[in-house]
Amino acid sequence: MKHSTSKALPLPSITLDDIGGLPDEMKEEIHQTLEIIKDPDRSAKIGIKAPKGILLYGPPGTGKTLLAQAIAREIGASFYSASGSAFTELFVGVGASRVRGLFENARKQTPAVIFIDEVDALAGKRKQHGGEEAEKTLTELLVQLDGGHSNDGILFIAATNRKDMLDDAFLRPGRIDFTFQVPLPDTKGRKEIISIHTKGKRLSEDVFASLNTLAESTSGFSGAQISSLFESASRRAVREGRDEVDMGDLDYAIDRTILGSTSRALNDL
Ligand code: ATP
C-alpha cells in the first residue's frame, strides 16, 4: 500500500496486547527498548543510548505494521508511514527528495516514528539495486538516518519480508540498532490472535467452545489470514440470513483460505 509521506497519520488505538503470537522474549525486549526511549536521560546515565532504528522482518501479514503503530502509540509519537515502493520508479531526484521531505516533516513533530514498510524496495543491496537513481535515493536515506542531533526524538522503524535483500550499510548499528523477527504464529500464538479477533464479535456457542480446534486447523496461517477468516465467515453468515457466525462458516472460510494459498503456490511453480 502506498501512503502519503507528507503528513502524520492518525494511529489506531492499538497496544502491544492487541498483537498476538509474539514470542515472550521479543515482547520483553520491546518493552525494555521502549523504557529506554521513554526515559533517555536515565538510560544515558547508565550508558545506554536510545535506539535510532528498528528493523522488523518476517512473512507478510504477521503484524509488523501493527507493531510499529503500537510502539508509536506507546511512546506518544506522531506516526509517519510510507511504503519503500513510494520512493522508486520516479523522475530523477524525486526519490531522494521524498526521503528528505519525510524526515523534515517528522522533525517538525517529534517525538515521531517514521515507518517504512517494504523497505527492501528502498534499501536493497546496492549491487542488485536498480541503477543510479535508486543508489541516490538509498544514499539520501543513509544521510537522513545519520542526521545526528537533528534526529533526536525520531525513531525509524523499517519492515521487510526480505531481510536478505537489504544493503549492509543500511543495517549498520547507529542506523538499525535492533532487529526483530516477527514469525508466523505457532498454535499458542494463533489462539491468542483468534481471541483478539473474536472479541466483540457475534459468534455462536460452538465457536467459543472450539477455539483450540480453530488454532490447530489454521496451521501456517498469518495473523492477517486469521483476521480475514472472521470477515469471510461473517459474510457467509449474512448471506445465509444468520446474525451469528458458526463453525460451519469458519470451516468454509478456512477451506477457502487453504485452497487460495494452494492455487497461488501452484501458480508460482
Ligand atoms: P506486510 O508484511 O504484508 O506489510 P504486516 O506484517 O505489516 O504485513 P499487518 O499489516 O500488521 O501485517 O497485519 C494486517 C492485519 O492482520 C492487521 O491489521 C490485523 O488485523 C491482522 N494481524 C496481523 N498480525 C496480527 C497479530 N500478530 N495479531 C493480531 N492481528 C494480526
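Cut-offs used in this document
- Residues numbered from 1 in each chain as written.
- Predicted model: local features only at pLDDT ≥ 70, side-chain atom pairs only at ≥ 80, totals over all residues.
- Heavy atoms only, no water.
- Patch = residues over 30% accessible without salt bridge, like charges linked within 9 Å, V, L, I, M, F, W, Y side chains within 5 Å.
- Areas by Shrake-Rupley, 256 points an atom, 1.4 Å probe, with all protein chains shown as cover.
- Salt bridge = Lys/Arg side-chain N within 4 Å of Asp/Glu carboxyl O.
- Lys, Arg positive; Asp, Glu negative; His and termini not counted.
- Charge placed at Lys NZ, Arg CZ, Asp CG, Glu CD.
- Helix = DSSP H or I, 4+ residues; strand = E, 2+ residues; numbered from the N terminus.
- Buried < 20%, exposed > 50% of the residue type's maximum accessible area, 1.4 Å probe, protein only.
- Near = heavy atom within 4 Å.
- Polar contact = N/O pair within 3.5 Å; in protein donor to acceptor, adjacent residues only side chain to side chain.
- Core = buried A, V, L, I, M, F, W, Y, C linked by side-chain atoms within 4.5 Å.
- Contact = heavy atoms within 4.5 Å.
- Pairing = 2+ DSSP bridges.
- Axes fitted to C-alpha atoms, helices over the stretch in contact; angles between N-to-C directions.

Draft legend 1. Geometry of a negative patch on the surface. Residues Asp24, Glu25, Glu28 and Glu29 make up a contiguous surface patch of negative charge. Structurally, Asp24 can be placed in helix α1 (residues 24-38). In this structure Asp24 comes out as exposed when scored by relative accessible area, which is 52%.

Draft legend 2. Geometry of the site of the ligand. Around the ligand lies a shell of 17 residues, among which Gly20, Gly61, Lys64, Thr65 and His197 are the nearest. Within the backbone of Gly20, a nitrogen or oxygen atom sits 2.8 Å from a nitrogen atom of the ligand. For the ligand, an oxygen atom lies 3.1 Å from a polar atom in the backbone of Thr62. At the level of secondary structure, the elements contributing two or more residues to the shell around the ligand comprise α3 (64-74), α8 (187-198) and α11 (223-239).

Draft legend 3. Representation of the nonpolar core within the structure. Grouped together as the largest cluster of nonpolar side chains are 26 residues, with contacts concentrated most on Ile30, Leu56, Leu67, Val113, Leu155 and Ile157. Contributions of two or more residues to this core are made by α1, β1 (53-57), α3, β3 (112-117) and β4 (154-160). Looking at this core, the element that brings in the most residues is α3, giving 5 residues. With sequence-adjacent residues up to four places away left out, Leu56 is seen in contact with Lys64, Leu67, Ala68, Ile157, Ala158, Ala159, Thr160, Phe180 and Val182. Ranked by size, the runner-up nonpolar core spans 25 residues in total, among them Tyr80, Ile116, Leu138 and Phe170.

Draft legend 4. Structural view of the sheet that holds β4. Strand order in the open sheet formed by 5 strands is β2-β3-β4-β1-β5, and the pairing between neighbours is parallel. Where the open sheet ends on each side, the last strands, each with one partner, are β2 (78-83) and β5 (178-181). Between one strand axis and the next, the sheet turns by 20° as a mean value, whatever way the strands run. Across the sheet, helix α4 (residues 94-107) is in contact with β2, β3 and β4; its angle to β3 comes to roughly 155°.

Draft legend 5. View of the pattern of salt bridges. Within this structure, the stated rule accounts for 13 salt bridges. Of the charged contacts in the structure, one is a salt bridge between Asp146 and Arg175, with a shortest N-O distance of 2.7 Å. Linking Asp146 in the loop between α6 (131-145) and β4 with Arg175 in the loop between α7 (168-171) and β5, this pair joins segments that are 29 residues apart in sequence. For Asp146, a relative accessible area of 36% gives the class partly exposed. For Arg175, a relative accessible area of 8% gives the class buried. Salt-bridge contacts for Asp249 lead to Arg236; the nearest nitrogen and oxygen are separated by 2.9 Å. You can see Asp249 sitting in helix α12 (residues 247-268) and its partner Arg236 sitting in helix α11, a full 13 residues away along the chain.

All quantities given are derived from atomic positions and should not be read as evidence of function.
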